[in-house]
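Chain residues, written in single-letter form:
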Amino acid sequence: MQFVLNHTTFDTEDPLDADLLKSLAPFGLEPGKNYSSEDIAQIDSKALYTSAQEVVLWATSKVMDPEYSSANVTKLFQRKGNMNLELLVIQSVIGPIGQPATEALYPAILTEDGLPMNALESYEIVMSADQMPPAKAFWSLTLYDSENGFFIPNDRKKYSVGENSGFKLDRKGGIRIVIADKKPKDVPMENWLPINSGDYEIDLIMRLYSPDLDAYSDWNPPVARRLN
């Protein structure tokens, strides 16, 4: 964090910058200085952890709200001064590094029943030809372990489906993607995302590179349907 502060430009007249620097100072973190643990104030670590958990839960609830996600996905990863504090906080929780909407979009893939995805279950994502992602360059759908934010290890080293990682369309130009510990017989190998069956949460991240923003305004992201 000290490295980040030392390589970032702050405007002390900007309210957000000023509040950020003020909140970091008790941790011994100040721009242009060397970090020293001796400069840290006495921090109630349990209270801090509890507060952080509350922020994460709040941000996650916003992302899991289809209407909120749809209304704000094009407003993320903007230049300084072009985002409000609420979106900045949500972005810092779900992933602080990304590209603006003109370059890439990251629509939320939620479940049909509104529950978090769990590796004890199997899921499918189905898109007809006219429901395919509106990407001028390419799109991808990638699977992660929610707790760690990492790929889920598997023998095939298959972590995503898309134009950059392989997929197979059906005869009508649509696609069916299945997330399961074993590949269903009727699913092409390219469209299977393997998981290790277990009681842990998983996430799907869709990425649209060079999106068609006009088409996106009338497009709805697919949902993950539970199979068992």
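All values derive from a computational prediction rather than experimental measurement.

> How do you make sense of the overall build of the chain when you look at a structure like this?
Helix and strand counts for the chain come out as 6 helices and 9 strands. Principal axes of the C-alpha set define a box for the chain whose edges measure 65 × 40 × 30 Å. Burial status across the chain gives 32% buried among its 228 residues. Relative to all contacts within the chain whose residues are 6 or more apart in sequence, the contacts with residues 24 or more apart total 67%.

> Hey, could you run me through the environment of Thr50 in this one?
Structurally, Thr50 is set in helix H3 (residues 45-63). Classification of Thr50 by relative accessible area gives partly exposed; the value is 38%. Along the primary structure Thr50 and Met64 are separated by 14 residues, whereas in three dimensions their C-alpha atoms are 21 Å apart.

> Any chance you could explain the sheet that holds strand S9 (residues 225-226) here in plain terms?
Whenever strands of a sheet pair, they do so through backbone hydrogen bonds, lying parallel or antiparallel. Taken in spatial order, the 4 strands make up an open sheet running S7-S6-S3-S9, and their pairing is mixed. Each edge of the open sheet is held by one strand with a lone partner, namely strand S7 (192-194) and S9.

> Sorry if this is basic, but what is going on with the packing of aromatic side chains here?
The geometry of an aromatic ring pair comes down to the distance between the two centres and the angle between the two planes. Tallying each qualifying case throughout the model produces 6 aromatic pairs. Plain terms: the ring middles of Trp139 and Phe167 are 5.6 Å apart, the flat faces sit at 35° to each other, and that makes the pair tilted. Placement of Trp139 in strand S4 (residues 135-145) and of Phe167 in the loop between strand S5 (160-162) and strand S6 (175-180) is noted, with a sequence separation of 28 residues between them. Residue class for Trp139 comes out buried when judged on its relative accessible area of 3%. Look at Phe167 and you get partly exposed, because its relative accessible area is 24%. An angle of 25° between the planes, with centres 5.5 Å apart, marks the rings of Tyr144 and Phe151 as stacked. For Tyr144, a relative accessible area of 14% gives the class buried. A relative accessible area of 41% means that Phe151 is categorised as partly exposed. An aromatic cluster of at least three residues, connected via ring pairs, comprises Tyr144, Phe151 and Tyr159.

Rules and cut-offs
Residues numbered from 1 in each chain as written. Predicted model: local features only at pLDDT ≥ 70, side-chain atom pairs only at ≥ 80, totals over all residues. Heavy atoms only, no water. Helix = DSSP H or I, 4+ residues; strand = E, 2+ residues; numbered from the N terminus. Buried < 20%, exposed > 50% of the residue type's maximum accessible area, 1.4 Å probe, protein only. Contact = heavy atoms within 4.5 Å. Pairing = 2+ DSSP bridges. Phe/Tyr/Trp six-rings, centres within 6.5 Å; stacked < 30°, edge-to-face > 60°.

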